Amino acid sequence: MIKNKNLCYLIAILSLAMTVYIINYVKISVKAPPNQFFNYFIKSFPEEAVDEETTTMTMKMNTTTATATTTTLSTTMTTRMMSDDVERKYVVFSCDGCGGWGDRLKGLLSAYALAQLMDRQFLIDFRQPCSLANIVDENQVKWNAKPNEPINSQNSHNYNLGYNFGAIKDLESADILHLTSKKYLLIHGAIMFADAFAKNKKVEKRLRQLNYETSEFYLHKQFHKWYNELFKLPDEIMRRREEFMRRARPTPNSQLICAQVRIGNRTSGKLKLIEELFMPLNDSYKYWDFIKSELLEKQNLTSSNNYKLFVTSDHESIKLQAAAYFGPENVVYNVGTSLHLEKDFLSENDPDCPLIRDLLFDFHLLGECDTLVVSHSGYGLFGALNR
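Residues numbered from 1 in each chain as written. Predicted model: local features only at pLDDT ≥ 70, side-chain atom pairs only at ≥ 80, totals over all residues. Heavy atoms only, no water.

> Residue-level account of the overall build of the chain, with values.
In terms of helices and strands, the chain carries ten helices and 16 strands. Taken across its 387 residues, the chain has 54% of its residues classed as buried. For the chain, restricting intrachain contacts to residue pairs at least 6 apart in sequence, the fraction spanning at least 24 positions comes to 72%. (Helix = DSSP H or I, 4+ residues; strand = E, 2+ residues; numbered from the N terminus. Buried < 20%, exposed > 50% of the residue type's maximum accessible area, 1.4 Å probe, protein only. Contact = heavy atoms within 4.5 Å.)

> Provide a residue-level description of the pairing of strand β7 (residues 90-95), including the pertinent values.
With respect to burial, β7 is a largely interior element, six of its six residues being buried. Both faces of β7 are covered, namely the face carrying Tyr 90, Val 92 and Ser 94 and the face carrying Val 91, Phe 93 and Cys 95. Across six bridges, the pairing between β7 and strand β8 (residues 121-126) is parallel. When the bridges of β8 are listed, Val 92 appears paired with Leu 123. (Pairing = 2+ DSSP bridges.)

> An account of the sheet that holds strand β11 (residues 184-189) is requested, with residue identities and associated values reported.
Taken in spatial order, the four strands line up as β8-β7-β11-β10 in an open sheet, and their pairing is parallel. Single-partner strands in this sheet number two, and they are β8 and β10 (156-162). Going across the sheet, the axis of each strand differs from the next one's by a mean of 20°, ignoring polarity. Note that β7 and β11 share four bridges and pair parallel. Along β11, the bridge assignment pairs Val 92 with Leu 186. Against the sheet, helix α2 (residues 101-118) touches β7, β8 and β11, its axis set at about 170° to β7. (Axes fitted to C-alpha atoms, helices over the stretch in contact; angles between N-to-C directions.)

> An account of helix α6 (residues 235-248) is needed here, citing residue identities and associated values.
The terminal C-alpha atoms of α6, which comprises 14 residues, lie 20 Å apart, in line with the 20 Å expected from a rise of 1.5 Å per residue. Ile 237, Arg 241, Phe 244, Met 245 and Ala 248 are the residues of α6 that are buried. The arc that holds every buried residue of α6, seen down its axis, measures 100°, which confines them to one face. Along α6, exposed side chains directed more than 90 degrees from the buried face belong to Asp 235, Glu 236, Arg 239, Glu 243 and Arg 246. Where α6 is buried, its residues touch β13 (255-261), β14 (307-313), β15 (331-332) and α9 (354-365). (Expected span 1.5 Å × (residues − 1). Arc of directions from axis to C-beta.)

> So what's going on with the nonpolar core? Residues and values would help.
Judged by nonpolar contacts, the single largest core of 77 residues is most densely connected at Phe 122 and Phe 197. Here the element with the most residues in this core is α2; it accounts for eleven residues. The residues contacting Phe 197, other than those within four sequence positions of it, are Ser 110, Ala 113, Leu 114, Leu 117, Leu 171, Ile 176, Val 203 and Phe 217. The next biggest cluster of nonpolar side chains, apart from the first, holds 21 residues, and it includes Val 261, Leu 301, Leu 309 and Val 373. (Core = buried A, V, L, I, M, F, W, Y, C linked by side-chain atoms within 4.5 Å.)

> For helix α7 (residues 284-296), give the residues involved together with the corresponding values.
Relative to the 18 Å expected for 13 residues at 1.5 Å per residue, α7 spans 17 Å between its end C-alpha atoms, a close match to the ideal helical length. Listing the buried residues of α7 in full gives Ser 284, Tyr 287, Trp 288, Phe 290, Ile 291, Glu 294, Leu 295 and Leu 296.

> Which residues make up the state of the cysteines, and what are the values?
Tallied over the full model, the rule gives one disulfide. With a sulfur-sulfur separation of 2.0 Å, Cys 258 is cross-linked through a disulfide to Cys 369. Negative torsions about the S-S bond denote left-handed disulfides, and the value of about -100° found for Cys 258 with Cys 369 makes this one left-handed. Placement of the pair is Cys 258 in strand β13 and Cys 369 in the loop between α9 and β16 (371-374), with a sequence separation of 111 residues. Across the pair, Cys 369 and Cys 258 agree in class, each one buried. (Disulfide = S-S within 2.5 Å.)

> I'd like a rundown of the packing of aromatic side chains, residues and numbers included.
Scanning the entire structure with this criterion turns up 21 aromatic pairs. Taking the centre distance of 6.3 Å and the plane angle of 80° together, the rings of Tyr 212 and Trp 226 count as edge-to-face. You can see Tyr 212 sitting in the loop between α4 (204-209) and α5 (219-230) and its partner Trp 226 sitting in helix α5, a full 14 residues away along the chain. Take Tyr 212 and Trp 226: they sit in the same class, and that class is buried. A network of ring pairs unites the aromatic residues Trp 101, Phe 126, Trp 143, Phe 223, Tyr 227, Phe 231, Phe 363, Tyr 379 and Phe 382 as a single cluster. (Phe/Tyr/Trp six-rings, centres within 6.5 Å; stacked < 30°, edge-to-face > 60°.)

> Talk me through unusual backbone geometry; I want residue IDs and the actual numbers.
Despite not being glycine, Asn 211 has its phi angle at roughly 65°, a positive value. The backbone of Asn 300 shows a phi angle near 55°, a positive value even though the residue is not glycine. Within the fold, Asn 300 resides in the loop between α7 and β14.

> Tell me what's going on with the pairing of β11, and back it up with residues and numbers.
Of all six residues in β11, five are buried, a share of seventy percent or more. Between the parallel elements β10 and β11, the chain passes through helix α3 (residues 166-171) in a crossover that is right-handed. (Right-handed = clockwise from strand over helix to strand, strands pointing away.)

> Could you give me a rundown of the packing of α2 against α5, with the residues and numbers involved?
The packing of two helices is summarised by the inter-axis angle and the distance between the axes. For the pair α2 and α5, interaxial distance at closest approach is 10 Å and the crossing angle is 85°. If you check the angle between α2 and α5, you find them roughly perpendicular. The residues of α5 that touch α2, namely those facing Trp 101, Leu 105, Lys 106, Leu 108, Leu 109, Ser 110, Tyr 112, Ala 113 and Gln 116, are Leu 219, Phe 223, Trp 226, Tyr 227, Glu 229 and Leu 230. Residue composition of the contact of α2 with α5, by class: eleven nonpolar, two polar and two charged. (Parallel < 35°, antiparallel > 145°, perpendicular 65-115°, else oblique. Nonpolar A, V, L, I, M, F, W, Y, C, P; charged D, E, K, R; others polar.)

> Give me the packing of α2 against helix α10 (residues 378-385): which residues, what numbers.
The N-to-C vectors of α2 and α10 enclose an angle of 60°; their axes lie 7 Å apart at closest approach. As far as their axial angle goes, α10 and α2 are oblique. Listed contacts from α10 to Trp 101, Gly 102, Leu 105 and Lys 106 of α2 are Gly 378, Tyr 379 and Phe 382. Here the contact of α2 with α10 is composed, by residue class, of four nonpolar, two polar and one charged.

Next comes the structure, spelled out in structure tokens:
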């Protein structure tokens with residue numbers, strides 16, 4: 001066990017190659033046989049992307065960094081977005097069949113990074129399973145603006161990355177600033193290609209103009225800033241979050257411990273999708289055993305007044321399991337949010353789009369945790385970074 005007065009307990013659990021991310025970007029990578037706890041740690045934080053191989057982590061948030069930072073856009077980007085200049089150009093992120101919320105954020109925020117580099121207005125065309133504008137509000141960037149002309153092959157260039165991870169290497173040497181002269185650059189993809197830009201010598205000057213250090217222009221380091229430049233929660237959801245947090249943190253000194261448990265391989269409700277089995281259902285007890293022994297008992301957290309456990313999962317039964325294990329008075333969760341955002345989950349403008357809003361509500365709550373245990377899930381990882 002590693003203990004540090006700032007980082008507290010760092011340990012990884014469960015069955016694959018494990019990674020622990022801490023708020024100040026210390027990384028601990030762990031590899032071990034299946035279904036065992038691990039005590040072999042490699043301390044480093046390489047600059048490469050956090051990608052599909054990112055699996056289970058335990059995150060202890062450093063409370064000194066919990067205050068939200070104020071973010072501002074570059075002057076050139078703000079001017080361009082507010083201008084009525086007919087010559088303005090666009091990067092449009094189009095999401096059609098691009099996986100769950102974590103995968104969508106990889107492509108979306110990478111496209112936003114590209115828009116900054118190319119000094120183009122950023123737009124989002126996200127309509128499946130619901131329009132993104134029905135889920136979150138615009139913040140500093142007006143990404144929901146509608147072009148005043150049809151987008152066609154004459155005025156647009158289609159750049160389809162999909163899940164082509166090999167394209168990331170190509171972008172490390174490509175002429176990023178001049179990918180196309182056409183008015184609209186359409187980006188399709190669900191990979192974290194933004195991290196290639198920091199390794200591209202051709203954009204170093206542009207990064208300095210935007211007040212970025214090259215070593216900082218990585219999605220995992222800019223996630224909170226970029227996400228909050230783009231999005232804010234609707235007032236209704238903000239009020240709901242305040243109400244939830246009064247339950248989740250009943251006293252000023254109460255600890256909020258969170259578990260994001262992704263199982264996969266389920267078919268329920270409207271979701272007609274069979275996923276890869278990420279983890280056997282009963283292996284979720286390893287989460288509870290770990291939380292009990294390493295996070296509760298060692299910190300002497302014994303009552304509902306000094307801690308709450310917030311659980312989110314793609315299986316509703318996991319929440320009930322946690323409540324049975326720890327006692328319902330110690331566990332908080334939202335009912336009916338055990339979803340996975342996929343292309344065919346709901347049709348456009350479906351009246352059930354509030355279900356997707358509930359899914360993202362859980363995502364935002366992960367940023368409130370003092371300690372977070374996360375499974376193999378971009379949803380969980382980005383929820384942790386969004387603070």
